[in-house]
Amino acid sequence: MNVDKQEELQQFLQISQQMLGLAETNGWDDLPELEQARKHLMRSYFENQKISVDDSTHVEQVINKVIIINEKIAHLAEQGKKAISQQLRG
């Protein structure tokens, strides 16, 4: 994998980590912008290159990390939704 593609993959992970940080601090308003940047980066990554067998393990590892981060973000969103619902009821 060339250096530029490695950096793009690392950026994908970093943006996901930033999104989690925002979710943890209730910065929900800023998440859509990061999500769009992340989506654009990955679309570009996969559209412009075929993944070699040698690189596929590394790509899989990064994607699995991002899946875990996404699950944490979804969990935090659900908790926030419940908290808001309780506040509205009370």
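Values in this document were obtained by computation on a predicted structure and should not be read as measured data.

A. Spotlight on the nonpolar core. Core analysis: the largest hydrophobic core is formed by 18 residues, its most contacted members being Leu9, Phe12, Met19, Met42, Val62 and Ile73. Where this core is concerned, the elements lending two or more residues are α1 (3-24), α2 (31-47) and α3 (53-89). Sorting elements by how many residues they give to this core places α1 first, with 8 residues. Ignoring anything within four residues of it in the chain, the contact list for phenylalanine 12 reads Arg38, Leu41, Met42, Val62 and Val66.

B. Representation of the packing of aromatic side chains within the structure. With the rule as written, the count across this model stands at 1 aromatic pair. Here tyrosine 45 and phenylalanine 46 contribute two aromatic rings whose centre-to-centre distance is 4.9 Å and whose plane-to-plane angle is 80°, an arrangement assigned as edge-to-face. A relative accessible area of 39% places phenylalanine 46 in the partly exposed class.

C. Structural view of the packing of α1 against α3. Here α1 crosses α3 at 15°, and the two axes come no closer than 9 Å. With respect to α3, the element α1 is oriented roughly parallel. The hand of the α1/α3 crossing is left-handed. Residue-level inspection shows Leu9, Phe12, Leu13, Ser16, Gln17, Met19, Leu20, Ala23 and Glu24 of α1 in contact with α3, the latter providing His58, Val59, Val62, Lys65, Val66, Ile69, Lys72, Ile73 and Leu76. Looking at side-chain class alone, the contact of α1 with α3 contains 12 nonpolar, 3 polar and 3 charged residues.

D. Layout of the pattern of salt bridges. Evaluated as defined, the whole model comprises 3 salt bridges. Two residues, lysine 5 and glutamate 8, come together in a salt bridge whose shortest N-O distance is 3.1 Å. One end of the pair is lysine 5 and the other is glutamate 8, both in helix α1 and 3 residues apart, which spans about a single turn. In this pair, the class of lysine 5 matches that of glutamate 8, namely buried. With a closest N to O distance of 3.7 Å, lysine 81 and glutamate 78 form a salt bridge. With a gap of 3 residues between them, lysine 81 and glutamate 78 both fall in helix α3, about one helical turn apart.

E. Examining α2 more closely. Its 17 residues give α2 an end-to-end C-alpha distance of 24 Å, which sits within 8% of 24 Å, the value for a rise of 1.5 Å per residue. Inspection of α2 places Leu31, Leu34, Arg38, Leu41, Met42 and Tyr45 among the buried residues, and these make up the whole buried set. Projection of α2 onto a plane perpendicular to its axis shows the buried side chains occupying an angular sector of 95°, all on one side. Those residues of α2 that are exposed and aimed more than 90 degrees away from the buried face are Glu33, His40 and Glu47. Looking at the buried side of α2, the elements it contacts are α1 and α3.

What counts and what doesn't
- Starting afresh in each chain, residues are numbered from 1 along the sequence in its written order.
- A pLDDT threshold of at least 70 governs which residues receive local features in this predicted model, and a stricter bar of 80 or more applies before side-chain atom pairs are shown or counted, although totals over entire chains, interfaces and linings include all residues.
- With hydrogens and water set aside, each side-chain value is computed from the structure's full complement of heavy atoms.
- As used in this record, nonpolar core signifies buried Ala, Val, Leu, Ile, Met, Phe, Trp, Tyr and Cys residues forming a set joined through side-chain atoms within 4.5 Å.
- Summary of the burial criterion: residues with accessible area below 20% of their type's maximum are buried, those above 50% are exposed, and those between are partly exposed, where the area comes from a 1.4 Å probe applied to protein chains only.
- Strands are runs of DSSP state E lasting at least two residues, helices are runs of H or I lasting at least four, and both sets are numbered from the N terminus onward.
- Only heavy atoms enter the contact rule, under which two residues are in contact if any of them lie within 4.5 Å.
- Pairing of aromatic side chains here covers Phe, Tyr and the six-membered ring of Trp, requires ring centres within 6.5 Å, and sorts the geometry by plane angle: under 30 degrees stacked, over 60 edge-to-face, intermediate tilted.
- Orientation is described by axes fitted as lines to C-alpha atoms, over the contacting stretch for helices, and by angles from 0 to 180 degrees between their N-to-C directions.
- For classification purposes, an angle smaller than 35 degrees is called roughly parallel, one larger than 145 roughly antiparallel, one from 65 to 115 roughly perpendicular, and anything else oblique.
- If you view the pair so one helix is near and one far, a crossing is left-handed when the near helix is turned anticlockwise from the far one by less than a right angle, and right-handed when it is turned clockwise.
- Each residue receives one of three labels: charged for Asp, Glu, Lys and Arg, nonpolar for Ala, Val, Leu, Ile, Met, Phe, Trp, Tyr, Cys and Pro, and polar for the others, Gly being one of them.
- A side-chain nitrogen of Lys or Arg and a carboxyl oxygen of Asp or Glu constitute a salt bridge if their distance falls within 4 Å.
- One less than the number of residues in a helix, times 1.5 Å, gives the span that helix is expected to have.
- Summarising the geometry, the arc corresponds to the directions from the helix axis toward the C-beta atoms.

Functional significance is not addressed by these values, which are geometric in nature.
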